[in-house]
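# What the coordinates show
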Amino acid sequence: MKGVKIIEQENSFTFEDIFKQNERRIHYHIQKLHLQDPHREYYVEGIYALWVAFKKYEPDKGPMSTYFNYTIRNHLIDKIRKEKREQDKKEKMRQEVLLKGTTGNRHVRTDMSLPSERNDGAAEEVIVEELLEQLPALLTEKQMKWVMGRYIHGMSIREIAEQEGVTEFAVKSWGREVRKKLRSYK
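Residues numbered from 1 in each chain as written. Predicted model: local features only at pLDDT ≥ 70, side-chain atom pairs only at ≥ 80, totals over all residues. Heavy atoms only, no water.

The subject of this paragraph is the overall build of the chain. Helix and strand content of the chain: eight helices and two strands. Helices (α) and strands (β) of the chain occur, in sequence order from the N terminus, as α-α-α-α-β-β-α-α-α-α. Burial status across the chain gives 26% buried among its 186 residues. Surface accessibility of the chain: about 14000 Å² in total, with carbon and sulfur atoms responsible for 53%. (Helix = DSSP H or I, 4+ residues; strand = E, 2+ residues; numbered from the N terminus. Buried < 20%, exposed > 50% of the residue type's maximum accessible area, 1.4 Å probe, protein only. Areas by Shrake-Rupley, 256 points an atom, 1.4 Å probe, with all protein chains shown as cover.)

The next thing to look at is the side chain of D37. Along the polypeptide, D37 turns up in the loop between helix 2 (15-32) and helix 3 (41-56). Of the side chains bearing the opposite charge, R40 lies closest to the buried D37, which forms no salt bridge; the N-O distance is 6.2 Å. Within the local environment of D37, its side chain forms a polar contact with the backbone nitrogen of Y42, the two atoms lying 3.0 Å apart. Discounting chain neighbours no more than four positions away, the residues touching D37 are I30, Y42 and Y43. (Lys, Arg positive; Asp, Glu negative; His and termini not counted. Salt bridge = Lys/Arg side-chain N within 4 Å of Asp/Glu carboxyl O. Polar contact = N/O pair within 3.5 Å; in protein donor to acceptor, adjacent residues only side chain to side chain. Contact = heavy atoms within 4.5 Å.)

Turning next to unusual backbone geometry. In this structure, H34 takes a positive phi of about 55° despite not being glycine. Inspection of the secondary structure puts H34 in the loop between helix 2 and helix 3. In this structure H34 comes out as exposed when scored by relative accessible area, which is 69%. For R40, which is not a glycine, the phi torsion comes out positive at approximately 60°. Among the secondary structure elements, R40 is positioned in the loop between helix 2 and helix 3.

If you walk through the whole model with that rule in mind, you get seven salt bridges. Two residues, K145 and E141, come together in a salt bridge whose shortest N-O distance is 3.6 Å. A residue pair is termed a helical-turn pair when its members lie 3 or 4 positions apart in one helix, as K145 and E141 do in helix 6 (residues 141-152) at four residues. Judged by relative accessible area, E141 falls into the exposed class, the value being 60%. K145 is the salt-bridge partner of E164, the closest N and O atoms lying 3.0 Å from each other.

Attention shifts here to the packing of helix 2 against helix 3. Running from N to C, helix 2 and helix 3 cross one another at 130°; their axes reach a closest spacing of 9 Å. The orientation of helix 2 with respect to helix 3, classified from their angle, is oblique. Crossing handedness for the pair helix 2 and helix 3: right-handed. Across the interface between the two elements, F15, I18, F19, N22, E23, I26, H27 and I30 of helix 2 pack against Y42, Y43, G46, I47, L50, W51 and F54 of helix 3. (Axes fitted to C-alpha atoms, helices over the stretch in contact; angles between N-to-C directions. Parallel < 35°, antiparallel > 145°, perpendicular 65-115°, else oblique. Left-handed = near helix turned anticlockwise from the far one by under 90°.)

Quick look at the structure:
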């Protein structure tokens with residue numbers, strides 16, 4: 001009977017109580033993973049992980065603190081891996097664009113791309129201009145705003161959302177649609 005009372009008592013905590021008690025745990029894992037978090041994206045991910053752990057916690061399976069640590073750490077690692085995959089995709093796309101403006105040959109000592117015959121030092125600019133001319137025919141106005149904001153102006157999703165007066169979710173959906181259209185365009 002005492003065990004049942006303890007379980008009921010643990011479940012009577014609100015998320016706000018749990019958050020106040022475990023907020024430092026989020027900061028601990030951010031520091032332990034050596035993450036730079038100027039926009040507090042990892043902190044927000046940690047709060048979400050704490051909420052997920054709070055909702056899914058089963059007292060008979062182990063201590064709450066251990067489960068919180070496990071969930072927060074793994075959510076942060078998943079976010080790191082996702083960002084790394086996106087960064088690798090962007091780098092691959094950038095390399096493909098650069099390769100179109102070169103012969104594909106590389107200098108032996110510097111490993112730098114050798115320019116193609118049409119390259120007068122501005123092959124990248126020509127490729128980007130050609131791409132920008134073709135995109136408006138494929139994309140909606142909002143999708144073009146996403147492309148221009150992210151890749152031309154180097155803005156974050158949050159900055160684009162603030163500029164356009166919409167949610168970050170809306171801006172992310174524009175990006176998903178752009179990627180989907182460009183994949184099917186090949």
